[in-house]
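A closer look at the structure
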Amino acid sequence: MNAGLIGGIIGGLVGVLGGLYGTYCAVKNTKGLRERAFMLKASVICWLAIILFLILLFVLPGPYQEILWFVYAILLTVGIVSMNRIQRRIRE
């Protein structure tokens, strides 16, 4: 195996483990059943969206990948802001 492939595999694993740990902490630090239920649902939606993004990234040809990154960045930003807003409302 070459160093690039090993680095890609290790980097991917570290990224997934970091995402799992972040998800665990986000759910663990909730302050009620309703907030925990929302966080679990939001986490599943985010994981599915990221998996779909990665699949599309591997399947789509070059020019569409650039458009996909643009759409992903916008949806990620809007999603984070709206989920934080909903979580804040639930806490209140």
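Everything discussed here concerns the structure shown above.
Note that the coordinates shown come from a computational prediction; the quantities given were computed from them, not determined experimentally.

All right, on to the side chain of Thr30 then. Within the element layout of this structure, Thr30 appears in the loop between helix H1 (3-28) and helix H2 (33-59). Judged by relative accessible area, which is 10%, Thr30 ranks as buried. A distance of 3.1 Å separates polar atoms of two side chains, one belonging to Thr30 and the other to Arg36. The contact partners of Thr30, leaving out residues within four places of it in the chain, are Glu35, Arg36, Met39 and Arg91.

Moving on, we get to a nonpolar patch on the surface. A cluster of nonpolar residues, Val44, Leu48, Ile50, Ile51, Leu54, Ile55, Phe58 and Val59, forms a patch on the protein surface that exposes about 790 Å² of accessible area. With a relative accessible area of 47%, Val44 lands in the partly exposed category.

A few words on the packing of aromatic side chains. The description of an aromatic ring pair rests on the distance of the ring centres and on the angle between the ring planes. Throughout the structure, instances matching the rule amount to three aromatic pairs. Arranged with centres 4.9 Å apart and planes meeting at 80 degrees, the rings of Phe53 and Trp69 form a pair that is edge-to-face. Of the two residues, Phe53 is situated in helix H2 and Trp69 in helix H3 (residues 62-91); the sequence distance between them amounts to 16 residues. Classification of Trp69 by relative accessible area gives partly exposed; the value is 46%. With 6.1 Å between their ring centres and 90 degrees between their planes, Trp69 and Tyr72 make a pair best called edge-to-face. Here Trp69 pairs with Tyr72, and both are found in helix H3, just three residues apart, close to one helical turn.

Attention shifts here to the pattern of salt bridges. Tallying each qualifying case throughout the model produces one salt bridge. Measuring nitrogen to oxygen at the nearest pair gives 2.7 Å for the salt bridge that ties Glu35 to Arg91. With Glu35 in helix H2 and Arg91 in helix H3, this pair connects stretches of sequence that are 56 residues apart. Note on Arg91: relative accessible area 45%, which makes it partly exposed.

Moving on, we come to H2. In this model, H2 (27 residues) spans 39 Å end to end at C-alpha, consistent with the 39 Å of a helix rising 1.5 Å per residue. Taken residue by residue, H2 has Glu35, Phe38, Met39, Ala42, Ser43, Phe53 and Leu57 as its buried positions. Structurally, H2 contributes buried residues whose contacts are with H1 and H3.

Thresholds, definitions, all that
Residues numbered from 1 in each chain as written. Predicted model: local features only at pLDDT ≥ 70, side-chain atom pairs only at ≥ 80, totals over all residues. Heavy atoms only, no water. Helix = DSSP H or I, 4+ residues; strand = E, 2+ residues; numbered from the N terminus. Buried < 20%, exposed > 50% of the residue type's maximum accessible area, 1.4 Å probe, protein only. Polar contact = N/O pair within 3.5 Å; in protein donor to acceptor, adjacent residues only side chain to side chain. Contact = heavy atoms within 4.5 Å. Patch = residues over 30% accessible without salt bridge, like charges linked within 9 Å, V, L, I, M, F, W, Y side chains within 5 Å. Areas by Shrake-Rupley, 256 points an atom, 1.4 Å probe, with all protein chains shown as cover. Salt bridge = Lys/Arg side-chain N within 4 Å of Asp/Glu carboxyl O. Phe/Tyr/Trp six-rings, centres within 6.5 Å; stacked < 30°, edge-to-face > 60°. Expected span 1.5 Å × (residues − 1).

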